[in-house]
Amino acid sequence: MRKLSQSTASSVYAGLRRKIVELTLKPRELLVEQKLAEEFGVSRTPVREVLVWLASEGLVEISRNRGAMVAPIRVEAVRTAQFVRESLEISVALAAAQRMTSLTELKLFHAIEEQELANKESNAAVFYTSDEAMHLEIARIAGLPLVWDYIAEAKVQMDRVRRLSLSRAQSFDSLIAQHRRIVTAIAANNRAEIEASLQEHLRQVLPDIDALRESQPEFFDDDDILAEPSSQVTPRKAAMRTA
C-alpha cells in the first residue's frame, strides 16, 4: 500500500470491516465502490484497496461479473477459527493463571458484572464488547496482549456467528456462567478446570452454527466449502490497521 493512502485506507478498512462483522452489512450484500467512497468521504482508490484486503480475510468476495459483495459465512472457516482460538486461548489462560493478583482478579470479575448489567438490559452490543474486553484482559494478565491480536484476526468468521447468535438470544445467563467459571479457574490456577471451562465456552459456537443455518440460511454459504484464497486465515495486517 502506498504511504500516502495508508491512513485513509486504514480508516475505511476499520469502518467497513466493523460493518461486516457486526452484520450491519449482510452476507451477499453488494459493495459498490462509488457508494462506499461517498459514504467514507474518500476516492475509489482506497476503497478498492480495502475490498481486496477484506477479500483476503474471507469477508468480501470479488468477481469480474458481479463486482464485490459481502461474503457469506462459511461453516468450515468458523470451525477452523474455533480450533485456532481454543488452542491459543487455553495457553494464554494457563499463562495468566501464573500471574494473577488480587487486582487482576478483580478486573476480570468487574467485566463479568458489566456483562450482567448488559444482560438485564438485553443489550447484545454491550455484552459483546464486554465479552471481548474480558478475553483481552486475560491476555494482558498473561503478558501476551499481542496474541489476542492474532486470535482476533483468526476468529473473524466466528464473530459474525456470535453476533447473529447474540442478536437472537433471550438471555446471556449461560455465557455469563461460563465466564465466571473460567475466571474462577484462572484465579485458582486450576489447570484442568481452565482447560475444561474454556473448551465448554469456546465450543458453544459449534451447536449454535447448526441452529443458525437452519433458521437463517441466507447468512451462510450454500456449499460450506472454504474458498481459496479468500477465506484463509492470513497473517495480521498491521499496516492496514495503523491509522
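Residues numbered from 1 in each chain as written. Predicted model: local features only at pLDDT ≥ 70, side-chain atom pairs only at ≥ 80, totals over all residues. Heavy atoms only, no water.

Peer 1: Whenever I open this one, the sheet that holds strand S3 (residues 67-70) confuses me. Can you help?
Peer 2: Within a beta sheet, neighbouring strands are joined by backbone hydrogen bonds and run either parallel or antiparallel to one another. Spatially, the three strands line up as an open sheet ordered S1-S3-S2, and their pairing is antiparallel. Of all the strands in the sheet, just strand S1 (30-31) and strand S2 (60-63) have a single pairing partner and so form its edges. (Pairing = 2+ DSSP bridges. Helix = DSSP H or I, 4+ residues; strand = E, 2+ residues; numbered from the N terminus.)

Peer 1: Is there a simple way to think about unusual backbone geometry in this case?
Peer 2: Glycine aside, residues mostly have negative phi angles, and peptide bonds mostly take the trans form. The phi dihedral of Ser122 falls on the positive side, at around 55°, and the residue is not glycine. Residue position: Ser122 is located in the loop between helix H5 (102-120) and helix H6 (124-141). Relative accessible area serves as the criterion here: at 55%, Ser122 is assigned to the exposed category. Its identity as a non-glycine residue notwithstanding, Asn189 has a phi of 55°, on the positive side. (Buried < 20%, exposed > 50% of the residue type's maximum accessible area, 1.4 Å probe, protein only.)

Peer 1: It is not clear to me how the pairing of S3 should be interpreted in this structure. Could you clarify?
Peer 2: Strand residues, when the strand is regular, have side chains that alternate between the two faces of the sheet. In this sheet, S3 lies alongside S1 in antiparallel orientation, the contact comprising two bridges. The residue bridging Leu31 from the neighbouring strand is Ala68, located in S3. Here S2 folds back onto S3, and the loop between the two strands holds three residues.

Peer 1: Could you clarify how one ought to interpret the packing of aromatic side chains in this entry?
Peer 2: Each pair of aromatic rings is reported with the distance of its centres and the angle of its planes. According to the stated counting rule, one finds one aromatic pair in the structure shown. Above the ring of Tyr128, the side-chain terminus of Arg163 is found at 3.6 Å from the ring centroid. (Phe/Tyr/Trp six-rings, centres within 6.5 Å; stacked < 30°, edge-to-face > 60°. Lys NZ or Arg CZ within 6 Å of the ring centre and 35° of its normal.)

Peer 1: Just to check I follow, could you spell out the nonpolar core for this structure?
Peer 2: It is characteristic of soluble globular proteins that their nonpolar side chains tend to be buried jointly. Counting 32 residues, the largest nonpolar core has Leu108, Phe127, Met134, Ile138, Ile186, Ile194 and Leu198 as the members making the most contacts within it. Contributing elements (two or more residues each) for this core: helix H4 (75-97), H5, H6, helix H7 (145-154), helix H9 (173-187) and helix H10 (191-202). (Core = buried A, V, L, I, M, F, W, Y, C linked by side-chain atoms within 4.5 Å.)

Peer 1: Just to check I follow, could you spell out the pattern of salt bridges for this structure?
Peer 2: Side chains that differ in sign of charge can pair as their charged atoms come close. This structure, assessed with the given rule, holds 19 salt bridges. Here Arg163 makes a salt bridge to Glu22, at a shortest N to O gap of 3.7 Å. Taken together, the residues span a long stretch of sequence, with Arg163 in helix H8 (residues 156-168) and Glu22 in the loop between helix H1 (3-21) and S1 at a distance of 141 residues. Given the relative accessible area of 17%, Arg163 is considered buried. Its salt-bridge partner being Asp159, residue Arg162 comes within 2.9 Å of it at the nearest N-O pair. Of this pair, Arg162 and Asp159 both sit in helix H8, separated by three residues, roughly a single helical turn. One exposure class covers both Arg162 and Asp159, and it is buried. (Salt bridge = Lys/Arg side-chain N within 4 Å of Asp/Glu carboxyl O.)

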